[in-house]
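Topology and contacts: notes
In case you want the letters, here they are:
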Amino acid sequence: MLDKVGKYQFLAEPFHCDFSGRLFMGHLGNHMLNAADFHSTDRGFGMKYLMAIQRSWVLSRLAIEITEMPEQYTRFNVETWVENAMRFFTQRNFAVTDDSGKVYGYGRSVWAMIDTETRQPCDILAIKDGAINDWIENQKPCPIDKGGRVKMSDNAEFVHAIDTYYNDVDINGHINSVKYIEHILDIWPIDWYRDHRIQRFEIAYVAEAHAGDKLSFYREKEDDNTYNVRIVRTDGTECCRSKVKFA
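So, here is what we can say about the structure in this document.

**Details of the overall build of the protein**
Across its full length, the protein holds 4 helices and 10 strands. Helices and strands in the protein line up, N terminus first, as β-α-α-β-β-β-β-β-α-α-β-β-β-β. What you see for the protein is a C-alpha radius of gyration of 18 Å, in line with the 18 Å of a compact globule of 247 residues. Dimensions along the principal axes, computed over C-alpha positions, put the protein at roughly 50 × 45 × 30 Å. With 247 residues in all, the protein has 52% of them scored as buried. Contacts in the protein between residues at least 24 apart in sequence constitute 71% of all its contacts with a sequence separation of at least 6. Accessible surface, the protein: about 12,300 Å² in total, of which carbon and sulfur atoms supply 48%.

The structure is reproduced here in structure tokens:
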């Protein structure tokens, strides 16, 4: 019998670490998404099954709060579980730990399911007669805020615009969720990261972008350590918003 909580081991590979020798936030996010897929696949509602019936999971929101990033060559675990499931959204949590019980941080995410042909939302509870409900774990704590709406004014500073290419696109045919994280964190120069570390990262996905779209980045300072970011695609549609808190 599988446990409701999945636990998957990863390695902080040196080429996935930054100049300080610690894991990039984008790669940690990628490991969380992999853990989510392993967990759902093992329990019968993962991407492999869904793609066969023209369905797919899409990430709607992600919040990661970290007290320390794993160092290069460190083996660490990503634990993941489904906190609740509704018709069109499900909430999935994460804990990043090592085998000794050390906690690096936590994550919270919200997922939707879409029809891969129409790109429209689908009823999650219709999959295998609501099988996801058998795996809900709402007693395991995830002691970080869920995150809310990222508020930005019309006076946000335009930072730059970038083009998108083949390597930006994922299995769903749109810009990969993790690529947005990497592009957002590239707004700050490397010298900034010599004196600051990312304490909390939030992102909310609003609309899809595709290869060839030009992404424009706007930044607004909330306080001394917190910045809000908006990404807009070629046609002026907002793709996502993010909040980055540094320590």
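**What to know about unusual backbone geometry**
In the Ramachandran plot, Arg119 falls in the positive-phi region, its phi being about 65° despite a non-glycine side chain. Relative to the elements of secondary structure, Arg119 occurs in the loop between strand 5 (103–115) and strand 6 (157–163). Despite not being glycine, Asp129 has its phi angle at roughly 55°, a positive value. A relative accessible area of 79% places Asp129 in the exposed class.

**Thoughts on a nonpolar patch on the surface**
Residues Met86, Phe88 and Phe89 make up a contiguous nonpolar surface patch of about 260 Å² in total accessible area. By the secondary structure assignment, Met86 is in the loop between strand 3 (75–85) and strand 4 (90–97).

The rules behind these values
- Residues numbered from 1 in each chain as written.
- Predicted model: local features only at pLDDT ≥ 70, side-chain atom pairs only at ≥ 80, totals over all residues.
- Heavy atoms only, no water.
- Helix = DSSP H or I, 4+ residues; strand = E, 2+ residues; numbered from the N terminus.
- Rg over C-alpha atoms; globule rule 2.2 N^0.38 Å.
- Buried < 20%, exposed > 50% of the residue type's maximum accessible area, 1.4 Å probe, protein only.
- Contact = heavy atoms within 4.5 Å.
- Areas by Shrake-Rupley, 256 points an atom, 1.4 Å probe, with all protein chains shown as cover.
- Patch = residues over 30% accessible without salt bridge, like charges linked within 9 Å, V, L, I, M, F, W, Y side chains within 5 Å.
- Salt bridge = Lys/Arg side-chain N within 4 Å of Asp/Glu carboxyl O.

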